[in-house]
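Chain residues, written in single-letter form:
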Amino acid sequence: MLTPTVGPIIGYTTTHHVRIFLRGKHENDLLVFGGIRYRLKNQGPWTHGNFALLKSSNDMSEVITLNNLSEDTEYEYQAGWFTTSSPLHTIETVKELPLEWPNETYSFRTASSKKTTPRCYVIGSCRYLRMTLGLPSAPELGDRIFAAIDTLAQNPSTPVHGLVMTGDQVYVDDLNFFLPDRDYKAILSKYRAAFSQPNIRKLMSHVPTYMILDDHEIEDNWPAKANRLDESLFRNAMNAYEIYQCSHSPAHTLLTSGQIDRTIKRYWYQFTDGDSEWFVLDTRTGRNLSAQDRRILDREQEQALYKWLINSRARVKLIVTGVMLYPDLKNDRGDAWKSFPTQRDRILETIRSNKIRNVVFISGDIHGSMTSQLTHSEDKDFLVHTIVSSPLCNSRLLPYAKAADFILDQPLTPQGSGSYRYALTSKVVSQDNFARITLDQQQITVDFHGQNGKLLQSVNIVLR
(Lines give C-alpha, C1' and ligand atoms only; values in the text may rest on other atoms or scores of the structure.)
Protein backbone atom coordinates (compact mmCIF):
# COMPACT_ATOMS: atom_id res chain seq x y z
CA MET A 1 0.00 0.00 0.00
CA LEU A 2 1.08 3.56 -0.69
CA THR A 3 0.81 6.67 1.48
CA PRO A 4 -2.21 8.86 0.59
CA THR A 5 -1.45 11.59 -1.94
CA VAL A 6 -3.69 13.92 0.08
CA GLY A 7 -4.67 13.26 3.67
CA PRO A 8 -5.53 11.58 5.81
CA ILE A 9 -7.81 14.35 7.09
CA ILE A 10 -9.80 13.79 10.27
CA GLY A 11 -13.23 15.33 9.76
CA TYR A 12 -16.48 15.28 11.72
CA THR A 13 -15.85 13.51 15.02
CA THR A 14 -18.37 12.52 17.69
CA THR A 15 -18.25 10.34 20.79
CA HIS A 16 -18.60 7.17 18.68
CA HIS A 17 -17.93 8.15 15.06
CA VAL A 18 -15.19 9.72 12.91
CA ARG A 19 -14.86 10.57 9.21
CA ILE A 20 -11.45 10.30 7.53
CA PHE A 21 -10.65 11.65 4.06
CA LEU A 22 -7.86 10.24 1.91
CA ARG A 23 -6.83 10.34 -1.73
CA GLY A 24 -4.94 7.84 -3.89
CA LYS A 25 -4.06 8.20 -7.56
CA HIS A 26 -5.35 7.06 -10.91
CA GLU A 27 -3.26 4.16 -12.23
CA ASN A 28 -3.71 2.88 -15.81
CA ASP A 29 -7.44 2.12 -15.49
CA LEU A 30 -6.80 -0.32 -12.65
CA LEU A 31 -9.16 -0.54 -9.71
CA VAL A 32 -7.88 1.66 -6.88
CA PHE A 33 -8.83 1.12 -3.24
CA GLY A 34 -8.16 3.18 -0.16
CA GLY A 35 -8.07 1.73 3.31
CA ILE A 36 -7.80 2.52 7.00
CA ARG A 37 -7.09 0.19 9.86
CA TYR A 38 -7.14 1.23 13.51
CA ARG A 39 -6.82 0.13 17.10
CA LEU A 40 -6.73 1.56 20.60
CA LYS A 41 -3.60 3.62 21.12
CA ASN A 42 -0.69 1.19 21.59
CA GLN A 43 -3.08 -1.65 22.38
CA GLY A 44 -4.20 -4.88 20.78
CA PRO A 45 -4.29 -6.02 17.16
CA TRP A 46 -5.22 -3.87 14.19
CA THR A 47 -8.69 -4.20 12.70
CA HIS A 48 -8.97 -5.99 9.36
CA GLY A 49 -9.42 -2.59 7.74
CA ASN A 50 -12.16 -0.40 6.30
CA PHE A 51 -11.90 0.01 2.54
CA ALA A 52 -13.39 2.17 -0.19
CA LEU A 53 -13.20 2.14 -3.98
CA LEU A 54 -11.52 5.36 -5.13
CA LYS A 55 -13.19 6.87 -8.18
CA SER A 56 -12.13 9.53 -10.66
CA SER A 57 -15.47 11.29 -10.07
CA ASN A 58 -14.19 12.13 -6.57
CA ASP A 59 -10.65 12.84 -7.80
CA MET A 60 -9.59 9.39 -6.55
CA SER A 61 -10.57 10.24 -2.97
CA GLU A 62 -13.09 8.95 -0.45
CA VAL A 63 -14.25 9.48 3.11
CA ILE A 64 -14.05 6.36 5.24
CA THR A 65 -16.18 6.31 8.39
CA LEU A 66 -15.30 4.51 11.59
CA ASN A 67 -18.32 3.69 13.74
CA ASN A 68 -19.12 2.18 17.13
CA LEU A 69 -16.04 3.72 18.72
CA SER A 70 -15.60 4.33 22.45
CA GLU A 71 -16.16 7.75 23.92
CA ASP A 72 -13.25 10.06 24.80
CA THR A 73 -10.74 7.46 23.66
CA GLU A 74 -7.50 7.79 21.74
CA TYR A 75 -7.06 5.58 18.71
CA GLU A 76 -4.21 5.13 16.29
CA TYR A 77 -4.64 4.34 12.62
CA GLN A 78 -2.84 3.71 9.36
CA ALA A 79 -4.04 4.84 5.94
CA GLY A 80 -3.08 3.96 2.38
CA TRP A 81 -4.14 3.04 -1.12
CA PHE A 82 -3.34 0.33 -3.64
CA THR A 83 -4.29 -0.98 -7.08
CA THR A 84 -5.47 -4.37 -8.20
CA SER A 85 -5.56 -5.83 -11.69
CA SER A 86 -8.57 -7.98 -10.91
CA PRO A 87 -11.86 -6.30 -11.92
CA LEU A 88 -13.74 -8.64 -9.57
CA HIS A 89 -12.42 -7.24 -6.30
CA THR A 90 -14.79 -5.41 -3.95
CA ILE A 91 -14.32 -3.57 -0.65
CA GLU A 92 -15.13 -6.89 1.04
CA THR A 93 -12.80 -9.13 -0.91
CA VAL A 94 -9.77 -6.85 -0.57
CA LYS A 95 -9.91 -7.39 3.19
CA GLU A 96 -8.52 -10.87 2.53
CA LEU A 97 -5.49 -9.62 0.58
CA PRO A 98 -2.06 -9.80 2.27
CA LEU A 99 -1.58 -6.04 2.27
CA GLU A 100 1.55 -4.31 3.52
CA TRP A 101 0.41 -1.10 5.18
CA PRO A 102 2.46 2.15 5.11
CA ASN A 103 4.68 2.55 8.15
CA GLU A 104 3.32 5.93 9.27
CA THR A 105 0.85 5.82 12.14
CA TYR A 106 -1.60 8.62 12.95
CA SER A 107 -3.96 9.18 15.86
CA PHE A 108 -7.28 10.76 16.82
CA ARG A 109 -9.42 11.07 19.93
CA THR A 110 -13.19 10.68 20.02
CA ALA A 111 -15.27 13.39 21.70
CA SER A 112 -16.38 13.44 25.31
CA SER A 113 -20.01 13.77 26.38
CA LYS A 114 -19.05 15.50 29.64
CA LYS A 115 -20.40 19.03 29.39
CA THR A 116 -18.13 20.38 32.11
CA THR A 117 -14.93 19.45 30.31
CA PRO A 118 -13.34 22.53 28.66
CA ARG A 119 -13.23 22.54 24.85
CA CYS A 120 -10.51 24.19 22.79
CA TYR A 121 -10.79 25.12 19.13
CA VAL A 122 -8.47 26.86 16.69
CA ILE A 123 -10.17 29.35 14.38
CA GLY A 124 -8.61 30.56 11.13
CA SER A 125 -9.31 31.73 7.60
CA CYS A 126 -7.73 33.16 4.46
CA ARG A 127 -4.80 30.88 3.72
CA TYR A 128 -3.12 32.20 0.58
CA LEU A 129 -1.00 29.72 -1.37
CA ARG A 130 0.11 31.31 -4.61
CA MET A 131 0.20 28.97 -7.60
CA THR A 132 2.41 29.51 -10.64
CA LEU A 133 1.94 27.28 -13.69
CA GLY A 134 0.15 24.73 -11.54
CA LEU A 135 2.77 24.60 -8.77
CA PRO A 136 2.75 26.36 -5.39
CA SER A 137 5.21 29.25 -5.27
CA ALA A 138 7.06 29.46 -1.92
CA PRO A 139 4.57 27.03 -0.30
CA GLU A 140 6.37 27.20 3.04
CA LEU A 141 4.92 30.69 3.53
CA GLY A 142 1.37 29.35 3.38
CA ASP A 143 2.18 26.32 5.50
CA ARG A 144 4.35 27.56 8.35
CA ILE A 145 1.54 28.76 10.64
CA PHE A 146 0.17 25.21 10.81
CA ALA A 147 3.38 24.07 12.46
CA ALA A 148 2.65 26.52 15.29
CA ILE A 149 -0.93 25.26 15.59
CA ASP A 150 0.26 21.65 15.65
CA THR A 151 2.77 22.44 18.42
CA LEU A 152 -0.14 23.63 20.58
CA ALA A 153 -2.28 20.64 19.61
CA GLN A 154 0.48 18.17 20.54
CA ASN A 155 0.98 19.73 23.99
CA PRO A 156 -1.31 18.12 26.62
CA SER A 157 -1.59 21.47 28.42
CA THR A 158 -2.95 23.22 25.29
CA PRO A 159 -5.14 20.62 23.56
CA VAL A 160 -7.07 21.38 20.38
CA HIS A 161 -10.39 19.58 20.01
CA GLY A 162 -11.11 20.96 16.56
CA LEU A 163 -9.88 23.20 13.77
CA VAL A 164 -12.58 25.48 12.30
CA MET A 165 -11.61 27.07 8.99
CA THR A 166 -14.12 29.78 8.12
CA GLY A 167 -13.35 30.42 4.46
CA ASP A 168 -10.78 31.02 1.74
CA GLN A 169 -8.87 27.84 2.47
CA VAL A 170 -8.04 27.82 -1.24
CA TYR A 171 -7.66 30.82 -3.55
CA VAL A 172 -9.05 29.56 -6.84
CA ASP A 173 -8.82 33.14 -8.12
CA ASP A 174 -5.26 33.95 -7.01
CA LEU A 175 -4.25 34.89 -10.56
CA ASN A 176 -7.58 36.40 -11.58
CA PHE A 177 -6.03 39.51 -13.09
CA PHE A 178 -3.68 37.50 -15.30
CA LEU A 179 -4.78 33.91 -15.77
CA PRO A 180 -7.99 33.03 -13.89
CA ASP A 181 -8.51 29.35 -13.16
CA ARG A 182 -11.80 28.02 -14.51
CA ASP A 183 -10.67 24.61 -15.65
CA TYR A 184 -11.72 21.78 -13.34
CA LYS A 185 -8.33 20.06 -13.44
CA ALA A 186 -6.54 23.29 -12.52
CA ILE A 187 -8.85 23.88 -9.56
CA LEU A 188 -8.36 20.31 -8.32
CA SER A 189 -4.61 20.80 -8.60
CA LYS A 190 -4.84 23.79 -6.26
CA TYR A 191 -6.72 21.76 -3.69
CA ARG A 192 -4.20 18.94 -3.83
CA ALA A 193 -1.35 21.39 -3.35
CA ALA A 194 -3.08 23.29 -0.55
CA PHE A 195 -3.90 20.25 1.58
CA SER A 196 -0.75 18.21 0.96
CA GLN A 197 1.78 20.68 2.41
CA PRO A 198 3.61 18.99 5.31
CA ASN A 199 2.48 21.07 8.29
CA ILE A 200 -1.22 21.32 7.48
CA ARG A 201 -1.18 17.66 6.52
CA LYS A 202 0.28 16.65 9.86
CA LEU A 203 -2.21 18.82 11.77
CA MET A 204 -5.30 17.59 9.96
CA SER A 205 -4.27 13.95 10.34
CA HIS A 206 -5.09 14.08 14.06
CA VAL A 207 -7.27 17.18 14.75
CA PRO A 208 -10.94 17.14 13.65
CA THR A 209 -11.24 19.75 10.90
CA TYR A 210 -14.41 21.65 9.94
CA MET A 211 -14.52 23.89 6.86
CA ILE A 212 -16.89 26.24 5.07
CA LEU A 213 -16.28 28.17 1.89
CA ASP A 214 -16.14 31.90 1.27
CA ASP A 215 -15.69 33.82 -1.98
CA HIS A 216 -12.15 32.86 -3.03
CA GLU A 217 -13.12 29.21 -3.29
CA ILE A 218 -14.98 30.51 -6.36
CA GLU A 219 -14.18 34.13 -7.24
CA ASP A 220 -13.57 37.36 -5.33
CA ASN A 221 -16.86 38.82 -3.99
CA TRP A 222 -18.89 36.03 -5.58
CA PRO A 223 -21.54 36.33 -7.01
CA ALA A 224 -21.44 40.13 -7.40
CA LYS A 225 -19.43 39.97 -10.62
CA ALA A 226 -20.87 36.73 -11.98
CA ASN A 227 -22.15 36.46 -15.54
CA ARG A 228 -23.36 33.63 -17.75
CA LEU A 229 -19.80 32.74 -18.64
CA ASP A 230 -19.19 31.95 -14.96
CA GLU A 231 -21.63 29.04 -14.84
CA SER A 232 -18.87 26.53 -15.58
CA LEU A 233 -16.54 28.24 -13.09
CA PHE A 234 -19.13 27.88 -10.33
CA ARG A 235 -19.85 24.26 -11.22
CA ASN A 236 -16.16 23.33 -11.32
CA ALA A 237 -15.31 25.23 -8.12
CA MET A 238 -18.18 23.69 -6.17
CA ASN A 239 -17.39 20.17 -7.37
CA ALA A 240 -13.85 20.58 -6.07
CA TYR A 241 -15.13 22.13 -2.82
CA GLU A 242 -17.49 19.21 -2.28
CA ILE A 243 -14.65 16.71 -2.71
CA TYR A 244 -12.00 18.34 -0.53
CA GLN A 245 -13.81 20.46 2.06
CA CYS A 246 -17.43 19.40 2.35
CA SER A 247 -17.06 15.62 2.06
CA HIS A 248 -15.81 15.01 5.60
CA SER A 249 -18.18 17.51 7.25
CA PRO A 250 -21.52 17.01 9.06
CA ALA A 251 -23.28 18.34 5.92
CA HIS A 252 -23.37 14.74 4.66
CA THR A 253 -25.86 12.44 6.36
CA LEU A 254 -24.95 8.95 7.48
CA LEU A 255 -26.55 5.98 5.72
CA THR A 256 -27.76 2.89 7.56
CA SER A 257 -24.67 1.14 6.17
CA GLY A 258 -22.53 3.42 8.31
CA GLN A 259 -21.08 5.28 5.32
CA ILE A 260 -21.84 8.85 4.29
CA ASP A 261 -24.41 9.73 1.65
CA ARG A 262 -22.30 11.39 -1.08
CA THR A 263 -25.25 13.39 -2.39
CA ILE A 264 -25.29 16.89 -0.94
CA LYS A 265 -28.37 19.08 -0.52
CA ARG A 266 -26.80 22.03 1.31
CA TYR A 267 -23.43 23.21 2.54
CA TRP A 268 -24.41 24.63 5.95
CA TYR A 269 -24.40 22.27 8.93
CA GLN A 270 -24.49 21.93 12.70
CA PHE A 271 -22.52 19.97 15.26
CA THR A 272 -22.41 19.65 19.04
CA ASP A 273 -19.49 19.33 21.43
CA GLY A 274 -20.24 19.17 25.13
CA ASP A 275 -22.24 22.21 26.24
CA SER A 276 -21.60 24.13 23.03
CA GLU A 277 -23.30 23.88 19.66
CA TRP A 278 -22.08 25.19 16.32
CA PHE A 279 -24.10 26.37 13.34
CA VAL A 280 -21.80 26.75 10.33
CA LEU A 281 -23.48 29.09 7.83
CA ASP A 282 -23.09 29.11 4.08
CA THR A 283 -23.06 32.86 3.40
CA ARG A 284 -21.91 32.50 -0.19
CA THR A 285 -23.91 30.15 -2.44
CA GLY A 286 -27.47 31.13 -1.43
CA ARG A 287 -27.16 34.89 -1.90
CA ASN A 288 -29.88 36.88 -3.60
CA LEU A 289 -28.75 40.30 -4.81
CA SER A 290 -32.11 41.51 -6.10
CA ALA A 291 -33.55 44.63 -4.48
CA GLN A 292 -36.90 42.89 -3.86
CA ASP A 293 -35.49 40.10 -1.66
CA ARG A 294 -31.89 40.92 -0.88
CA ARG A 295 -30.43 38.21 1.32
CA ILE A 296 -27.12 36.58 2.22
CA LEU A 297 -28.78 33.35 3.44
CA ASP A 298 -31.40 31.44 1.48
CA ARG A 299 -34.82 31.10 3.14
CA GLU A 300 -34.37 27.49 4.24
CA GLN A 301 -31.09 28.25 5.97
CA GLU A 302 -32.44 31.35 7.68
CA GLN A 303 -35.42 29.46 9.09
CA ALA A 304 -33.17 26.59 10.22
CA LEU A 305 -30.98 29.12 12.04
CA TYR A 306 -33.98 30.56 13.91
CA LYS A 307 -35.21 27.11 14.88
CA TRP A 308 -31.76 26.17 16.15
CA LEU A 309 -31.31 29.40 18.11
CA ILE A 310 -34.68 29.09 19.84
CA ASN A 311 -34.63 25.35 20.53
CA SER A 312 -30.99 24.67 21.35
CA ARG A 313 -30.33 23.91 25.00
CA ALA A 314 -26.58 24.30 24.72
CA ARG A 315 -25.14 26.93 27.00
CA VAL A 316 -22.94 28.42 24.26
CA LYS A 317 -24.11 28.88 20.67
CA LEU A 318 -21.39 29.56 18.11
CA ILE A 319 -22.40 30.73 14.64
CA VAL A 320 -19.76 30.59 11.91
CA THR A 321 -20.21 33.14 9.14
CA GLY A 322 -17.61 33.52 6.40
CA VAL A 323 -18.13 37.31 6.33
CA MET A 324 -18.51 39.38 9.49
CA LEU A 325 -21.94 40.05 10.95
CA TYR A 326 -20.48 43.14 12.64
CA PRO A 327 -18.71 45.52 13.11
CA ASP A 328 -19.08 47.10 9.70
CA LEU A 329 -16.16 48.06 7.54
CA LYS A 330 -16.22 51.54 6.08
CA ASN A 331 -15.85 49.88 2.68
CA ASP A 332 -16.93 46.25 2.40
CA ARG A 333 -17.54 46.45 -1.38
CA GLY A 334 -21.10 45.22 -0.79
CA ASP A 335 -19.84 41.81 0.30
CA ALA A 336 -20.56 41.51 4.05
CA TRP A 337 -23.65 41.65 6.26
CA LYS A 338 -23.58 45.46 6.16
CA SER A 339 -25.04 45.19 2.66
CA PHE A 340 -27.82 42.84 3.81
CA PRO A 341 -29.20 44.86 6.76
CA THR A 342 -32.79 43.58 6.71
CA GLN A 343 -31.83 39.94 7.12
CA ARG A 344 -29.22 40.86 9.73
CA ASP A 345 -31.85 42.76 11.71
CA ARG A 346 -34.15 39.74 11.66
CA ILE A 347 -31.44 37.54 13.11
CA LEU A 348 -30.54 40.01 15.84
CA GLU A 349 -34.17 40.58 16.75
CA THR A 350 -34.71 36.82 17.01
CA ILE A 351 -31.85 36.62 19.50
CA ARG A 352 -33.07 39.68 21.43
CA SER A 353 -36.80 38.91 21.51
CA ASN A 354 -36.17 35.33 22.67
CA LYS A 355 -33.58 36.47 25.25
CA ILE A 356 -31.00 34.00 23.95
CA ARG A 357 -27.73 34.22 25.83
CA ASN A 358 -24.11 33.41 25.04
CA VAL A 359 -24.36 33.74 21.27
CA VAL A 360 -20.96 34.16 19.60
CA PHE A 361 -20.40 34.84 15.91
CA ILE A 362 -17.18 33.39 14.46
CA SER A 363 -15.78 34.76 11.20
CA GLY A 364 -12.70 35.70 9.19
CA ASP A 365 -12.38 37.32 5.75
CA ILE A 366 -11.03 40.79 6.64
CA HIS A 367 -7.31 40.00 7.04
CA GLY A 368 -7.35 41.17 10.63
CA SER A 369 -8.38 39.59 13.95
CA MET A 370 -10.27 40.94 16.94
CA THR A 371 -13.16 40.50 19.34
CA SER A 372 -16.14 42.83 19.72
CA GLN A 373 -19.51 42.98 21.39
CA LEU A 374 -22.96 44.14 20.38
CA THR A 375 -25.44 45.69 22.83
CA HIS A 376 -28.85 47.38 22.57
CA SER A 377 -29.54 50.84 23.92
CA GLU A 378 -32.96 49.90 25.38
CA ASP A 379 -32.41 46.25 26.25
CA LYS A 380 -29.79 45.74 28.94
CA ASP A 381 -30.11 41.95 28.73
CA PHE A 382 -29.00 41.81 25.10
CA LEU A 383 -25.33 40.97 24.52
CA VAL A 384 -23.77 39.22 21.53
CA HIS A 385 -20.07 38.65 20.87
CA THR A 386 -17.98 38.16 17.76
CA ILE A 387 -14.56 36.56 17.29
CA VAL A 388 -12.77 37.30 14.02
CA SER A 389 -9.61 35.41 13.00
CA SER A 390 -7.85 36.18 9.70
CA PRO A 391 -5.51 35.64 7.88
CA LEU A 392 -3.58 32.40 8.25
CA CYS A 393 -1.35 33.60 5.42
CA ASN A 394 -1.79 36.92 3.65
CA SER A 395 -0.93 37.80 0.08
CA ARG A 396 1.65 40.54 -0.33
CA LEU A 397 -0.86 42.23 -2.61
CA LEU A 398 -3.48 42.70 0.12
CA PRO A 399 -3.37 44.98 3.19
CA TYR A 400 -4.13 43.92 6.77
CA ALA A 401 -7.20 45.36 8.47
CA LYS A 402 -6.76 47.99 11.21
CA ALA A 403 -9.10 49.66 13.69
CA ALA A 404 -9.47 52.74 11.48
CA ASP A 405 -11.14 50.58 8.81
CA PHE A 406 -14.29 50.06 10.92
CA ILE A 407 -17.33 52.25 11.58
CA LEU A 408 -17.17 52.54 15.36
CA ASP A 409 -18.71 55.96 16.00
CA GLN A 410 -22.35 55.26 15.10
CA PRO A 411 -24.99 52.59 15.88
CA LEU A 412 -25.14 49.43 13.83
CA THR A 413 -28.83 49.85 13.09
CA PRO A 414 -31.91 51.46 14.71
CA GLN A 415 -34.46 48.99 16.03
CA GLY A 416 -37.74 50.30 17.44
CA SER A 417 -37.08 52.93 20.06
CA GLY A 418 -33.45 51.86 20.48
CA SER A 419 -30.44 50.84 18.46
CA TYR A 420 -27.74 48.20 18.30
CA ARG A 421 -24.32 49.44 19.24
CA TYR A 422 -20.96 47.73 18.97
CA ALA A 423 -17.55 48.18 20.47
CA LEU A 424 -14.21 46.49 20.08
CA THR A 425 -13.17 44.40 23.07
CA SER A 426 -9.64 43.77 21.83
CA LYS A 427 -6.97 45.35 19.70
CA VAL A 428 -7.06 44.59 15.98
CA VAL A 429 -4.32 42.10 15.07
CA SER A 430 -2.79 43.17 11.76
CA GLN A 431 -0.55 40.23 10.89
CA ASP A 432 -0.78 36.53 10.03
CA ASN A 433 -2.40 34.83 13.01
CA PHE A 434 -4.89 32.32 14.36
CA ALA A 435 -7.22 32.26 17.35
CA ARG A 436 -7.37 29.51 19.95
CA ILE A 437 -10.60 29.63 21.94
CA THR A 438 -11.18 27.76 25.19
CA LEU A 439 -14.75 27.25 26.37
CA ASP A 440 -15.27 26.43 30.03
CA GLN A 441 -18.12 26.90 32.48
CA GLN A 442 -17.36 30.53 33.27
CA GLN A 443 -15.95 32.11 30.13
CA ILE A 444 -14.52 31.85 26.64
CA THR A 445 -10.82 32.65 26.52
CA VAL A 446 -9.66 33.92 23.14
CA ASP A 447 -5.91 33.74 22.52
CA PHE A 448 -4.54 35.22 19.31
CA HIS A 449 -1.22 33.73 18.19
CA GLY A 450 1.20 34.88 15.50
CA GLN A 451 2.57 32.70 12.71
CA ASN A 452 5.32 31.35 14.98
CA GLY A 453 2.87 30.58 17.78
CA LYS A 454 3.75 33.59 19.95
CA LEU A 455 0.80 34.82 22.03
CA LEU A 456 -0.22 38.26 20.73
CA GLN A 457 -3.16 39.03 23.03
CA SER A 458 -5.73 37.30 25.19
CA VAL A 459 -9.39 38.25 25.75
CA ASN A 460 -11.97 36.82 28.14
CA ILE A 461 -15.66 36.65 27.23
CA VAL A 462 -17.68 36.08 30.40
CA LEU A 463 -20.63 33.68 30.01
CA ARG A 464 -23.99 34.47 31.50
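Reading the values: the criteria
Residues numbered from 1 in each chain as written. Predicted model: local features only at pLDDT ≥ 70, side-chain atom pairs only at ≥ 80, totals over all residues. Heavy atoms only, no water. Helix = DSSP H or I, 4+ residues; strand = E, 2+ residues; numbered from the N terminus. Buried < 20%, exposed > 50% of the residue type's maximum accessible area, 1.4 Å probe, protein only. Contact = heavy atoms within 4.5 Å. Salt bridge = Lys/Arg side-chain N within 4 Å of Asp/Glu carboxyl O. UniProt positions renumbered as here; feature names shortened; annotations may be inferred. 1 Å grid on protein atoms, 1.4 Å probe; cavity = no way out; pocket = protein on both sides within 12 Å on 5 of 7 lines; lining within 4 Å. Points joined across faces, edges and corners; volume = space filled by probe spheres on them. Pairing = 2+ DSSP bridges. Axes fitted to C-alpha atoms, helices over the stretch in contact; angles between N-to-C directions. Core = buried A, V, L, I, M, F, W, Y, C linked by side-chain atoms within 4.5 Å. Domains from an automatic or database assignment.

Under an unreviewed UniProt entry, the protein chain has the name PhoD-like phosphatase metallophosphatase domain-containing protein and belongs to Pseudomonas fluorescens.

*Asks:* Any chance you could break down the environment of Leu99 for me, citing the residues and the numbers?
*Replies:* Mapped onto the secondary structure, Leu99 falls in the loop between β6 (74-84) and β7 (106-109). Exposure remark for Leu99: the relative accessible area of 23% places this residue in the partly exposed category. Separated by 17 residues in sequence, Leu99 and Phe82 place their C-alpha atoms 8.9 Å apart. Apart from residues no more than four positions distant in its own chain, Leu99 is found in contact with Met1, Phe51, Phe82 and Val94.

*Asks:* Got a sec to walk through the pattern of salt bridges? Specific residues and values, please.
*Replies:* Summed over the entire model, instances satisfying the criterion amount to 24 salt bridges. A salt bridge links Glu92 to Lys95, with the nearest nitrogen and oxygen atoms 3.5 Å apart. Under the relative-accessibility criterion, Glu92 is labelled partly exposed at 48%. A salt bridge links Arg346 to Glu302, with the shortest nitrogen-to-oxygen separation between them at 2.7 Å. Linking Arg346 in helix α6 (residues 341-353) with Glu302 in helix α5 (residues 299-311), this pair joins segments that are 44 residues apart in sequence. Overall, Arg346 belongs to the partly exposed group, its relative accessible area being 32%. In this structure, a network of salt bridges that share partners links the residues Asp293, Arg295, Arg299, Glu302 and Arg346.

*Asks:* Describe the UniProt feature "domain: PhoD-like phosphatase metallophosphatase" (unreviewed entry) in the protein chain, listing the residues and the values that go with them.
*Replies:* As recorded in UniProt, the feature "domain: PhoD-like phosphatase metallophosphatase" (unreviewed entry) lies at residues 185-407. Span residues 185-407 is 27% helix and 18% strand, its end C-alpha atoms 42 Å apart.

*Asks:* Lay out empty space enclosed by the protein with the relevant residues and their values.
*Replies:* This model, assessed by the stated rule, comprises three cavities of 30 Å³ or more. Volume-wise, the largest cavity comes out at about 110 Å³. Along the walls of the largest cavity sit 13 residues, with Lys115, Asp275, Ser276, Leu439 and Asp440 positioned nearest its centre. In this structure, the second largest cavity spans a volume of roughly 50 Å³. If you go around the second largest cavity, the residues you meet are Met324, Pro327, Asp328, Leu329, Asp332, Ala336, Lys338, Asp365 and Ile366.

*Asks:* Can you lay out the sheet that holds β7 for me, pointing to particular residues and giving the numbers?
*Replies:* One open sheet accounts for four strands, arranged β4-β3-β6-β7; its pairing is antiparallel. Each of the sheet's edge strands pairs with one partner strand only, and the pair in question is β4 (50-53) and β7. For this sheet the average axis-to-axis angle between neighbouring strands, irrespective of direction, equals 30°. The pairing of strand β3 (residues 31-40) with β6 spans ten bridges and is antiparallel. Looking at the pairing, Gly34 lines up with Trp81 of β6.

*Asks:* Residue-level account of the nonpolar core, with values.
*Replies:* Counting 71 residues, the largest nonpolar core has Phe195, Trp278, Ile437, Ile444 and Val446 as its most contacted members. Take this core: its biggest share by element is eight residues, from helix α4 (residues 231-246). Counting contributing residues per domain, this core is built from domain 1 (6-110) and domain 2 (119-462), each supplying no fewer than three. Beyond its immediate chain neighbours, meaning those up to four positions away, Ile437 contacts Arg119, Cys120, Tyr121, Ile123, Trp278, Leu318, Ile387, Ile444, Thr445 and Val446. Grouped together as the second largest cluster of nonpolar side chains are 30 residues, Phe279, Trp337, Leu374 and Val384 included.

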